[in-house]
Amino acid sequence: DFFLSKDYFFFLSKEKRLGHCFADVIDNIYQSNSNYSYCSQRKNSPYSPDTFLDEFASDDVAPQFTGSRQHDSHEFLRVLIDQLCEDLKDSARCQENQIREATQVEHEEMPLHSKSDYWWRRHLAQNSSFITDEFCGQLISTIQCTVCKTNSYCFDP
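Since the model is a prediction, treat every value here as computed from it, not as a measurement.

K.L.:
Would you explain the pairing of strand β1 (residues 139-144) in this entry?
P.N.:
Successive residues of a regular strand alternate their side chains across the two faces of the sheet. Judged from the 6 bridges that link them, β1 and strand β2 (residues 151-156) form a sheet pairing that is antiparallel. From the neighbouring strand, T142 faces β2, where its bridge partner is Y153. Here β1 hands over to β2 after 6 residues, with K149 in that stretch at a positive phi of 65°.

Right, dumping it as structure tokens:
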């Protein structure tokens, strides 16, 4: 709906061509009849996403996808989502999420949920977008020292 309703126009400049090309693919798959449902797909009318693929595989985005070789779909989706997130970044929301840098002592004294919140807010201060809202989350990895039993945490993102 975000791309079909043209809401993305507010966030994309003309230089952000991948977002426009992706929206064109979505628009050509779903036509404006029947509230953008699968029923509204164009019948008997082929669509070639060449412009999107050329932009996606450009030197600025993902040159590893040039050519007609077979590629990993998971990597394709990760790169696409990451690039769309970058292209659709909402600078006003990024400003809203700016937080003060925590000192080492403050960070060590924070409970786990506060550390998680701190790192998530830092991520949002740089990456707030519709794509972040829909596709991003946070993983917490824990490593425990086998000698002193101290836990170390890593937050991604």
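Having seen the structure, we can now continue with the description.
K.L.:
Mind showing me how you'd approach the packing of helix α1 (residues 17-29) against helix α3 (residues 73-87) here?
P.N.:
Geometry of a packed helix pair, given as the angle between the helix axes and the separation of the axes. It is at 8 Å that the axes of α1 and α3 come closest, and there the two elements cross at 115°. In this structure, α1 crosses over α3, and the sense of that crossing is left-handed. Between α1 and α3, the contacting residues are L18, G19 and F22 on the first element and L80, Q83, L84 and D87 on the second.

K.L.:
What am I meant to see in the pattern of salt bridges here?
P.N.:
Should the charged atoms of two oppositely charged side chains come close, the side chains can pair. Evaluated as defined, the whole model comprises 1 salt bridge. Notably, a salt bridge pairs E101 with R122, separated by 2.6 Å at the nearest N-O pair. Here E101, found in the loop between α4 (91-96) and α5 (104-109), pairs with R122, found in helix α6 (residues 112-127); they are 21 residues apart in sequence, far enough to count as distant. With relative accessibility at 26%, the residue R122 sits in the partly exposed group.

Thresholds applied
- Residues numbered from 1 in each chain as written.
- Predicted model: local features only at pLDDT ≥ 70, side-chain atom pairs only at ≥ 80, totals over all residues.
- Heavy atoms only, no water.
- Pairing = 2+ DSSP bridges.
- Helix = DSSP H or I, 4+ residues; strand = E, 2+ residues; numbered from the N terminus.
- Axes fitted to C-alpha atoms, helices over the stretch in contact; angles between N-to-C directions.
- Left-handed = near helix turned anticlockwise from the far one by under 90°.
- Contact = heavy atoms within 4.5 Å.
- Salt bridge = Lys/Arg side-chain N within 4 Å of Asp/Glu carboxyl O.
- Buried < 20%, exposed > 50% of the residue type's maximum accessible area, 1.4 Å probe, protein only.

From the geometry alone we can't say anything about function, so treat these as descriptive.
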